[in-house]
Amino acid sequence: MALVLHLPNIIYILLKEILSAVMCLSQEVTLLKLLPKTCQRILILDSKPLFDILNKLKAKGELDQAYVAHPSLPLWILRLHHLTVFYNVQVLLMPTKRHPPSDWLTRQWKTQ
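In this report, we go over the structure that sits alongside the text. Since this is a predicted model, take the numbers as computed values, not measurements.

### Considerations on the pairing of strand S1 (residues 41-45)
Moving on, step 1. Side chains Arg-41, Leu-43 and Leu-45 project from S1 onto a buried face, and the interleaved Ile-42 and Ile-44 project onto a face without burial.
Moving on, step 2. Pairing of S1 with strand S2 (residues 89-93) involves 5 bridges; the strand directions are parallel. Each bridged residue has a counterpart across the sheet, and for Ile-44 the counterpart in S2 is Leu-92.

Okay, here's the thing in structure tokens:
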């Protein structure tokens, strides 16, 4: 017998994005430790709600809403926040389809 949760699709997407980001950074902890402090570390998210949650958490220092999709969801969000702060990982939001990440990450910027 399978347990089926009837939650809005946005909750499933948010949960998937949180777990993906935490797993991605957790698997690379050894590499993050070895990188010099001058090396820029970037995590690109394609989830605006998760990006907003992390920004609010960074600004306030605590979660301002209860996330009930899964009992450990706040712990995963806090773990992601801890990893990004501890290893100085800059979190960016995925740009639109018109401007893929390679466009603005690798472009030479003209100074005026």
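### Looking at helix H4 (residues 73-86)
Moving on, step 1. Spanning 14 residues, H4 covers 20 Å between terminal C-alpha atoms, matching the ideal 20 Å at 1.5 Å per step.
Moving on, step 2. If you check which residues of H4 are buried, you get Leu-73, Ile-77, Leu-80, His-81, Leu-83 and Thr-84. Each buried residue of H4 lies within a common arc of 165° when the element is viewed along its axis, so the set occupies one face. In H4, the exposed residues that point more than 90 degrees away from the buried face are Leu-75, Val-85 and Phe-86.
Moving on, step 3. Following H4 by one or two positions, Asn-88 adopts a phi angle in the positive range, close to 55°.

Quick notes on the rules
Residues numbered from 1 in each chain as written. Predicted model: local features only at pLDDT ≥ 70, side-chain atom pairs only at ≥ 80, totals over all residues. Heavy atoms only, no water. Buried < 20%, exposed > 50% of the residue type's maximum accessible area, 1.4 Å probe, protein only. Helix = DSSP H or I, 4+ residues; strand = E, 2+ residues; numbered from the N terminus. Pairing = 2+ DSSP bridges. Expected span 1.5 Å × (residues − 1). Arc of directions from axis to C-beta.

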